[in-house]
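Overview (structure and organization)
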Amino acid sequence: MVDSMVPITTADLRKKKASRQPIAMMTAYDYPSAKLVEEAGVDVILVGDSLGMVVLGYDSTVPVTMEDMLHHTKAVTRGAKRAFVVADMPFLSYHGTVEESVKNAGRLLQEGLAKAVKIEGGKEVVPVVKRCTQAGIPVMGHIGLTPQSVHQLGGYKVQGRDLAAAQRLLEEAQALEEAGAFAVVLECVPEEVAAKITESISIPTIGIGAGVKCDGQVLVFHDVLAYASQLKPKFVKSYANIGKTIVEAMSAYVEEVRSGKFPAPEHAFHASEETIKQLYGEGVAQS
Ligand code: KIV
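The paragraphs below set out a description of the structure included in this document.

Cut-off values and rules
- Residues numbered from 1 in each chain as written.
- Predicted model: local features only at pLDDT ≥ 70, side-chain atom pairs only at ≥ 80, totals over all residues.
- Heavy atoms only, no water.
- Helix = DSSP H or I, 4+ residues; strand = E, 2+ residues; numbered from the N terminus.
- Rg over C-alpha atoms; globule rule 2.2 N^0.38 Å.
- Buried < 20%, exposed > 50% of the residue type's maximum accessible area, 1.4 Å probe, protein only.
- Contact = heavy atoms within 4.5 Å.
- Areas by Shrake-Rupley, 256 points an atom, 1.4 Å probe, with all protein chains shown as cover.
- Lys, Arg positive; Asp, Glu negative; His and termini not counted.
- Charge placed at Lys NZ, Arg CZ, Asp CG, Glu CD.
- Near = heavy atom within 4 Å.
- Polar contact = N/O pair within 3.5 Å; in protein donor to acceptor, adjacent residues only side chain to side chain.
- Core = buried A, V, L, I, M, F, W, Y, C linked by side-chain atoms within 4.5 Å.
- Salt bridge = Lys/Arg side-chain N within 4 Å of Asp/Glu carboxyl O.
- Phe/Tyr/Trp six-rings, centres within 6.5 Å; stacked < 30°, edge-to-face > 60°.
- Patch = residues over 30% accessible without salt bridge, like charges linked within 9 Å, V, L, I, M, F, W, Y side chains within 5 Å.

Right, let's get into the overall build of the chain. Summing up its helical and strand segments, the chain has 12 helices and eight strands in all. For 287 residues, the compact-globule estimate of 2.2 N^0.38 gives 19 Å, and the chain exceeds it by more than 25% at 24 Å. When the backbone C-alpha atoms are referred to their principal axes, the chain occupies close to 90 × 40 × 35 Å. Sorting the 287 residues of the chain into buried and exposed places 46% on the buried side. Within the chain, residue pairs in contact and separated by at least 24 positions form 59% of the contacts whose partners lie at least 6 positions apart. Working note: accessible area of the chain is about 15,600 Å², and carbon and sulfur atoms make up 56% of it. Between the mean site of the 29 positive side-chain charges and the mean site of the 34 negative ones, the chain shows a separation of 5 Å.

This paragraph deals with the site of the ligand. Surveying the vicinity of the ligand reveals the residues Thr27, Leu46, Gly48, Asp49, Ser50, Asp88, Lys118, His142, Glu187, Ile208 and Val220. Contacts to the ligand include Asp49, whose side-chain N or O atom sits 3.0 Å from an oxygen atom. A distance of 2.8 Å separates an oxygen atom of the ligand from a polar atom in the side chain of Lys118. Here the ligand loses 95% of its free accessible area of 250 Å² to cover by the protein chains.

With 74 residues, the main nonpolar core has Ile45, Val117 and Leu186 as its most contacted residues. Sorting elements by how many residues they give to this core places helix α8 (residues 163-179) first, with seven residues. Apart from the residues lying within four places of it in its own chain, the contact partners of Val117 are Val86, Ala87, Met89, Ala105, Leu108, Leu109, Ile137, Pro138, Val139 and Met140.

A separate point is the pattern of salt bridges. Applying the stated criterion to the full structure yields 10 salt bridges. Asp12 is the salt-bridge partner of Lys15, the closest N and O atoms lying 3.9 Å from each other. Here Lys15 and its partner Asp12 are both found in helix α1 (residues 10-18), three residues apart, which amounts to about one turn of the helix. Owing to a relative accessible area of 55%, Lys15 belongs among the exposed residues under this scheme. Across the pair Asp43 and Lys16 runs a salt bridge, and its minimum N-O distance is 3.6 Å. Pair noted here: Asp43 is in the loop between α2 (31-39) and β2 (44-47) and Lys16 is in helix α1, with a separation of 27 residues, a long-range link. Both residues of the pair, Asp43 and Lys16, count as buried.

Tallied over the full model, the rule gives two aromatic pairs. When the centroid spacing of 5.5 Å and the interplanar angle of 75° are considered together, the rings of Phe84 and Phe182 count as edge-to-face. Linking Phe84 in strand β3 (residues 84-88) with Phe182 in the loop between α8 and β6 (183-187), this pair joins segments that are 98 residues apart in sequence. Residue Phe84 is classed as buried on the basis of its relative accessible area, which comes to 4%.

Among the surface-exposed residues, Tyr253, Val254, Val257 and Phe262 lie close enough to one another that they form a single nonpolar patch of about 320 Å² accessible area. Note on placement: Tyr253 falls in helix α11 (residues 242-259).

Here it is, written out as structure tokens:
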């Protein structure tokens, strides 16, 4: 639970890395989920483009648009007052000119009221990361399995398994740090490779399927709650079964509507006797 309402900053996240206090990050996509996640004491809320899959029902994050991200980011920032809110830049929103990319990133802060953006990719996104940070837009990097490139990667697979791939990831993390990123997500990376990256850079690493040696962890809200999420990758731990609870509650409702048990007398409003008389006429018995 939260012990202070002072908003979290990138400096706080750096201090957490320095003092080896793990950072807890979680996705949220709307006002109630943001409120609940914040109440639980999460440091960083990610408005992930995973919303394309867990909220909008797409097969991947590729169809998610800037307008989708803005819509959900606005709802999350209305619910989160203390947690540091990071919004994902969706597919192709940072692959045009650097100016267009900075403009899109700026919209997530100006209109969505996020505190920072997350960008997938390594050295190829360095110019955008540099310009964003120069413009005052904090950037979180994201390397390893980058879901927006799922069609190029050939599926959701662990990245950086051999020496050359591990070294490439290390160089990408270092390049993102040099470009000004304040943190970097490592997704589906062997624990030993994530540990090497974590000790080699001074910005926090946030792991998802990257082992316990990262400076923090992130999971998807719907996975943590088993809330109608389709896939359960090896790295996910569900702490509740909300999907089951919802189906049980809804089935009880359906049953009570069909049997006439709901609504009960205490759920009804009543007109005055005078109105009832006029409506039904004198002498009509009320059941
Ligand atoms: O979109 C998302 O939820 C993410 C996390 C998996 C890191 O990028």
